[in-house]
Amino acid sequence: MRTLRDAAADADVHVGAAVDVDALRTDTDYRQTLAREFDAVTAENAMKWGPLADGERGYDFADADDVVEFADRHDMYVRGHALVWHRMYPEWVRPWTRSAADADRLLRNHIYTVAGRYRGRVDAWDVVNEAVADDGGLRETQWLDALGPEYVDRAFEYAADVSDADLFYNDYGADGLSAKADEVYDLVSDLVARGVPVDGVGLQLHVFDDLVPPADVAANVERLTDLGLDVHVTELDVGIGEAVADREAQAQYYHDVVAAAVDAGADTVVTWGVDDGQSWLPPLGHGEAPLLFDEEFARKPAHGAVVDALSE
Ligand code: XIL
């Protein structure tokens, strides 16, 4: 059976997984599966501000470095995730009382520190993650509060100052055709029109309640690539339960959505984890067994389905 990695190379795309650093350090099967099957990685948590933080204003890069070193050793493409996000950042960043100048300095320092450290080693950064609110407009965050909508521009500009990576806007619920997908489209169209250095859009594609029709994903990928942007599927998982009934239906959906996205021009597909034992979805009650490998690292039908989708 062909590996995902072989199929991806033939299709000239990257196929990756989000990496859990504890599993990477302690589990030989995990490491072997990751290196054999995938040619791209992202840190599931290790590059977020909260996990990186070491005391007030300090950083501890040990976990993030491990992910990047593993990728170097196995010749993998690295997606950095995520520089600006409204979750998983240190408490001391939180107060919504900063002056604009203060907030701007904090944002710049963080981006310069993290994106600067990995210059030349991270290939793509999720610069801004989940900035669009579910009910429309930009989400209320301390950045929006202090700097206004321009904080998004600044984040991309600061990342461009210190990084040679491709710079992405990443979001959920904007995968297919939906009001939120339209908002994301409008946001990035406006960034492109104003010359803000955005290179791509990440579609998370967490699937656990409503199935996003693959044809809608294709249409969305096409309109985004028409703007001159790169598109990655960044956090794909498909929980068994409400969305798909069993492993076979799961495999079919994986096949159809990966084929649709890649045919429409997405050039990187990342699953949000390696194996079902490590997934974030089941503990949240969002379906079972959402990934391509089971808890024993055996290939599931969805694995073959993705290999097929990339081989067609
Ligand atoms: C999730 C991780 O998988 C969990 O381990 C963590 O507790 C919370 O964050 N959108 C994102 C990801 O952009 O960073 C999130 O990852 C899942 C939703």
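Note that the coordinates shown come from a computational prediction; the quantities given were computed from them, not determined experimentally.

Draft legend 1. Inspection of the side chain of Glu 235 at higher detail. Within the secondary structure, Glu 235 sits in strand β8 (residues 230-238). For the buried Glu 235, no salt bridge exists, and the shortest N-O distance to an oppositely charged side chain is 6.6 Å, to Arg 79. Of the polar contacts made by the side chain of Glu 235, one reaches the side chain of Asn 170; its length is 3.1 Å. The residues contacting Glu 235, other than those within four sequence positions of it, are His 81, Asn 170, Leu 203, Gln 204, Leu 205, His 206, Val 270 and Trp 272.

Draft legend 2. Molecular detail of the nonpolar core. Membership of the largest hydrophobic core comes to 108 residues, with the highest contact counts inside it found for Leu 34, Trp 125 and Phe 156. In terms of residue count, helix α11 (residues 247-264) provides more of this core than any other element does, 10 residues in total.

Draft legend 3. Up close: the packing of helix α10 (residues 214-225) against α11. Remark: α10 packs on α11, axes separated minimally by 8 Å, with the N-to-C direction vectors making an angle of 20 degrees. It follows from the interaxial angle that α10 and α11 lie roughly parallel. You can see that α10 and α11 cross each other, and the crossing is right-handed. Between α10, through Pro 214, Val 217, Ala 218, Val 221, Glu 222 and Thr 225, and α11, the contact on the second element is made entirely by Tyr 253, Asp 256, Val 257, Ala 260, Ala 261 and Ala 264.

Draft legend 4. How the structure looks around the site of the ligand. Close to the ligand lie 14 residues, the nearest being Glu 44, Lys 48, His 81, Glu 235 and Trp 272. Between an oxygen atom of the ligand and a side-chain N or O atom of Glu 44, the distance comes to 2.4 Å. The separation between a nitrogen atom of the ligand and a polar side-chain atom of Glu 130 is 3.0 Å. Classifying every residue of the shell around the ligand gives four nonpolar, five polar and five charged.

Draft legend 5. View of the packing of aromatic side chains. Across all of its chains, the model carries seven aromatic pairs by this definition. Consider the rings of Trp 49 and Trp 92, whose centres lie 6.0 Å apart with planes at 85 degrees: the pair is edge-to-face. One end of the pair, Trp 49, is in helix α4 (residues 49-52); the other, Trp 92, is in the loop between β3 (77-84) and α6 (100-117), with 43 residues separating them in the sequence. Overall, Trp 49 belongs to the buried group, its relative accessible area being 7%. Judged by relative accessible area, which is 17%, Trp 92 ranks as buried. One aromatic cluster in this structure is built from Trp 49, Trp 92 and Trp 143. Here Arg 79 stacks its cationic end above the ring of Phe 168, 5.0 Å away from the centre of that ring. Just above the ring of Tyr 172 sits the side chain of Lys 180; from NZ or CZ to the centre is 3.5 Å.

Rules used in this analysis
Each chain carries its own residue numbering, running from 1 in the written order of its sequence. With pLDDT at 70 or above as the cut-off, local features in this predicted model cover only qualifying residues; side-chain atom pairs require 80 or more to be listed or tallied, and sums for whole chains, interfaces and linings still use all residues. Side-chain measures were taken over the full set of non-hydrogen atoms in the model, leaving aside hydrogen atoms and water. Every helix listed is a DSSP run of H or I at least four residues long, and every strand listed is a run of E at least two residues long, numbered separately from the N terminus. Note on classification: 1.4 Å probe, protein chains only; a residue is buried when its accessible area is under 20% of the maximum for its type, exposed when over 50%, partly exposed between these limits. In this charge count, Lys and Arg are treated as positive and Asp and Glu as negative; neither His nor the chain ends contribute. By salt bridge we mean one thing: a side-chain nitrogen of Lys or Arg within 4 Å of a carboxyl oxygen of Asp or Glu. The definition of a polar contact used here is a pair of N or O atoms within 3.5 Å, where within protein one atom must be able to donate a hydrogen and the other to accept one, and adjacent residues in sequence count solely through side-chain atom pairs. Residue contacts follow a heavy-atom distance rule, with two residues in contact if any of their heavy atoms lie within 4.5 Å. Here, the term nonpolar core denotes a set of buried Ala, Val, Leu, Ile, Met, Phe, Trp, Tyr and Cys residues that are joined through side-chain atoms within 4.5 Å. To define axes, lines are fitted to C-alpha atoms, for helices over the stretch in contact only, and angles between the resulting N-to-C directions are given on a 0 to 180 degree scale. The labels follow the angle: roughly parallel below 35 degrees, roughly antiparallel above 145, roughly perpendicular from 65 to 115, and oblique for the rest. Here a crossing is called left-handed whenever its near helix is offset anticlockwise from the far helix by less than a right angle, and right-handed whenever the offset is clockwise. It suffices for a single heavy atom of a residue to lie within 4 Å of a molecule or strand for the residue to be listed as near it. In this classification, the charged set is Asp, Glu, Lys and Arg, the nonpolar set is Ala, Val, Leu, Ile, Met, Phe, Trp, Tyr, Cys and Pro, and all remaining amino acids, among them Gly, are polar. Ring geometry is summarised as follows: Phe, Tyr and Trp rings, the Trp one being its six-membered ring, pair when their centres sit within 6.5 Å, and such pairs are stacked at plane angles under 30 degrees, edge-to-face over 60 and tilted between the two. Over a ring means this: the NZ of a Lys or the CZ of an Arg is within 6 Å of the ring centre and within 35 degrees of the ring normal.

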